[in-house]
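# Secondary and tertiary structure notes
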Amino acid sequence: RRVTNDDNKETHVSLGTDGEKLVMAYLKTRITREDKEVNFDGVTKLVNNYPTEGQTDLYIMKSEMEHDVAVDSLSLADENPVPGPATTITAKIVNNGDAVRKNVTVAFYDGNNLIAEKTVTGNLVGGGNSEVTCDWTVPNEQVSHTLRVIVDPNLVFDDKDRENNTATLDCVLPDLTVNNLCKIHISGDWYELAGMVVNDGVIPSAATTVEWTYGESGEVFMTSEIGALQPGESVLVDIKREFVGANANDGLEIKATVDSANEIKEFNEDNNSAYQTLTKNVFECASVSDVKQCAPSADVTISGKIVTAVFDEFIYIEEPDRTAGIRVYTTDKPAVGAVVTVTGNLLTGNEVSIYADSLTVDSAGEPLKPLAMHNPRLGGNGYGSQFAVGIGEGLNNIGLLVKSWGRVTYVGDGFFYMDDGTKLFDGSFEGITGVRVESASSDVTVGDYVSVTGISSCIGTSGEFGIYSCVLATEITKINR
């Protein structure tokens, strides 16, 4: 142990004892400090706080010879032993004092129950240490234990610090951990997070909870309850959640923590959490046709497409070569003819659409011309995620800018039917033939001949044909006969 604490220099130390105290004789040289110019290889430099030796004197010091025997560590041969078999407890005993101790007694306890008393044989000199072992048969019960070791339990000698004479060790414990935390990007900002909570310990764990938190802020946003787990037993915990607002960022870290309040005494409290980072799997699609081949709810991005129509809640975009088109739900209102890039979530149903997260106008462009089609060709067969129109013929053309014509056969509220002579029947109204045309405002009447430009779309029906074709009109022209 340290017996002096100053800047002076001690040399020529001689040790002895007077029977009760440690006696030390030594030379002490006074050290003073000052700023001094010092020559280094011909170069003079100012050295601050330079030490200089002064007067040297003979000193004699007497120090009490103290006992300070302590427990340095407590360990088990099996770190977390199972109930039933025997194991070995090891205590490392150290002497932090000056005085030598002989035959130091060490007591081992399981809680308050004495396991055994052992003796440190021989001399335990100052600064020395010795390991003491004890065999322990773990009680065959599904309960945890606290081992305790005490040096000099009977207070045989005076000890400088009794606080360090004892050490404890918890053992025979459950050990809850979160394994294999994974994520599934469902769609948009929706994710599924799942992981396994496992009891890697040796006795059952009590019922507890798993807290789901935002990794950076630590804010708890959801809690999952789990029951008691036997040793080796696991349970799946999973959540589905939409991460919106400030927590919708790609790259958000999520943490799942079992027993966050540490109410269960465990073998390892540092393995109770697992982390996962939210990332979106966005499919970069070269064409509208590729988008329609994606799985429902996929996140997609597509660029270089032409705006063909703009409605209140959505727009339509189309390939420059007019091979395919698709509806895009967005609040943006780009000009018809604009070249755009769209990123969003694929929606399926009657008509495949994109729910846009973002829409960027890449450049201005020229409006596309419509494709001319007879009534039965509107809609077409199925393609990818797009259903077939009930009685459509030919290639799927849902989403394309088209032009069709015919005689008005029926006028309803916000729509009418026109028949080009092919007598198309979609099953919606008995005896009414033709294709449905959606138009918020038109002055057509039954018997008028009209030409309609708009988007080839589809609509559901309770009739026998499921979904049927319609045209979302952007332009209606009466034909004089």
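Refer to the structure presented above.
Residues numbered from 1 in each chain as written. Predicted model: local features only at pLDDT ≥ 70, side-chain atom pairs only at ≥ 80, totals over all residues. Heavy atoms only, no water.

Okay, the overall build of the protein next. Each helix and strand in the protein was counted, giving one helix and 29 strands. Taken against the 2.2 N^0.38 rule, which gives 23 Å for 481 residues, the C-alpha radius of gyration of the protein at 43 Å runs more than 25% over that of a compact globule. The principal-axis extent of the C-alpha atoms belonging to the protein is close to 135 × 80 × 30 Å. Counting over 481 residues, the protein shows a buried share of 42%. Pairs at least 24 apart in sequence give 60% of the contacts found in the protein among residues at least 6 apart. (Helix = DSSP H or I, 4+ residues; strand = E, 2+ residues; numbered from the N terminus. Rg over C-alpha atoms; globule rule 2.2 N^0.38 Å. Buried < 20%, exposed > 50% of the residue type's maximum accessible area, 1.4 Å probe, protein only. Contact = heavy atoms within 4.5 Å.)

Together, I184, I186 and W190 line one region of the surface with nonpolar side chains, adding up to about 260 Å² of accessible area. Positionally, I184 belongs in strand β11 (residues 176-187). (Patch = residues over 30% accessible without salt bridge, like charges linked within 9 Å, V, L, I, M, F, W, Y side chains within 5 Å. Areas by Shrake-Rupley, 256 points an atom, 1.4 Å probe, with all protein chains shown as cover. Salt bridge = Lys/Arg side-chain N within 4 Å of Asp/Glu carboxyl O.)

Our focus in this paragraph is the pattern of salt bridges. All told, the structure shown has eleven salt bridges when counted by the stated rule. We note a salt bridge from E53 to K9, for which the minimum N-O separation is 2.4 Å. With E53 in strand β3 (residues 43-64) and K9 in strand β1 (residues 9-17), this residue pair connects regions lying 44 residues apart in the sequence. Taking relative accessible area as the criterion, E53 reaches 51% and is therefore assigned exposed. Residue classification places K9 among the partly exposed positions, given a relative accessible area of 34%. The closest approach of N and O atoms between D448 and K478, which form a salt bridge, is 3.6 Å. One end of the pair, D448, is in the loop between β27 (435-438) and β28 (449-460); the other, K478, is in strand β29 (residues 467-478), with 30 residues separating them in the sequence. Look at K478 and you get partly exposed, because its relative accessible area is 40%. It is possible to trace a salt-bridge network through shared partners that takes in D443, D448 and K478.

So, on to the state of the cysteines. Summed over the entire model, instances satisfying the criterion amount to zero disulfides. This cysteine, C171, is not joined by any disulfide, and C134 carries the nearest cysteine sulfur, 12 Å off. Among the residues examined, C171 registers a relative accessible area of 0% and is labelled buried. (Disulfide = S-S within 2.5 Å.)

Burial along strand β17 (residues 273-277) is one-sided: A274 and Q276 are buried, and none of S273, Y275 and T277, which face the opposite way, are. Examined bridge by bridge, strand β16 (residues 253-258) and β17 share five bridges and lie antiparallel to one another. Directly across from E253, in β17, lies its bridge partner T277. (Pairing = 2+ DSSP bridges.)

All right, on to the sheet that holds strand β5 (residues 86-95) then. If you trace the three strands from one edge of the open sheet to the other, you get β4-β5-β8, paired in antiparallel fashion. In this open sheet, the two strands that pair with only one neighbour each are β4 (69-76) and β8 (129-137). When strand polarity is set aside, the average angle formed by the axes of neighbouring strands in this sheet is 25°. (Axes fitted to C-alpha atoms, helices over the stretch in contact; angles between N-to-C directions.)

As a further point, take the side chain of N375. In this structure, N375 sits in the loop between β24 (371-372) and β25 (401-412). Apart from the residues within four sequence positions on either side, N375 is in contact with S404, W405, M418, D419, D420, T422, L424, G434 and V435.

Before going further, it helps to examine the nonpolar core. I89, I93, F108, W136 and V149 are the most contacted members of the largest nonpolar core, which has 26 residues in total. Among the secondary structure elements, those contributing two or more residues to this core are β4, β5, β6 (101-110), β7 (113-124), β8, β9 (145-151) and β10 (166-171). Counting residues per element, this core draws most heavily on β4, at four residues. Excluding its chain neighbours within four sequence positions, the residues that come into contact with V149 are V71, L74, A91, V106, A107, F108, N165, T166 and A167. Formed by 22 residues, the second largest nonpolar core is a distinct cluster that contains L176, L181, L252 and V258. (Core = buried A, V, L, I, M, F, W, Y, C linked by side-chain atoms within 4.5 Å.)

This next bit is on the packing of aromatic side chains. Across all of its chains, the model carries 15 aromatic pairs by this definition. Each ring, one from Y26 and one from Y59, has its centre 5.9 Å from the other, and the planes form 20°; the classification is stacked. A residue pair is termed long-range when its members are at least 10 positions apart, and Y26 in strand β2 (residues 21-40) and Y59 in strand β3 qualify at 33 residues. Between the aromatic rings of F221 and F243, the centroid separation amounts to 5.5 Å while the plane-to-plane angle is 85°, which identifies the pairing as edge-to-face. Highlighted residues: F221 in strand β14 (residues 220-226) and F243 in the loop between β15 (234-242) and β16, separated in sequence by 22 residues. Owing to a relative accessible area of 13%, F221 belongs among the buried residues under this scheme. (Phe/Tyr/Trp six-rings, centres within 6.5 Å; stacked < 30°, edge-to-face > 60°.)

Now for the pairing of β5. Burial analysis of β5 places seven of its ten residues in the buried class, the great majority of the element. Pairing of β4 with β5, which is carried by seven bridges, proceeds in the antiparallel orientation. Bridge pairing links V71 to I93 in β5. Inspection of the sheet shows β5 paired to β8 by nine bridges, in the antiparallel sense. For T87, the partnering residue across the bridge sits in β8 and is W136.

A separate point is the sheet that holds β9. As summarised here, the arrangement of the four strands in space is β7-β6-β9-β10, forming an open sheet in which the pairing is antiparallel. Each of the sheet's edge strands pairs with one partner strand only, and the pair in question is β7 and β10. Across the sheet, the mean angle from the axis of one strand to that of its neighbour is 20°, orientation sign disregarded. By the bridge criterion, six bridges tie β9 to β10 in an arrangement that is antiparallel. In the strand pairing of β10, V149 is matched with A167.

Interpretation in functional terms is not warranted from these geometric data alone.
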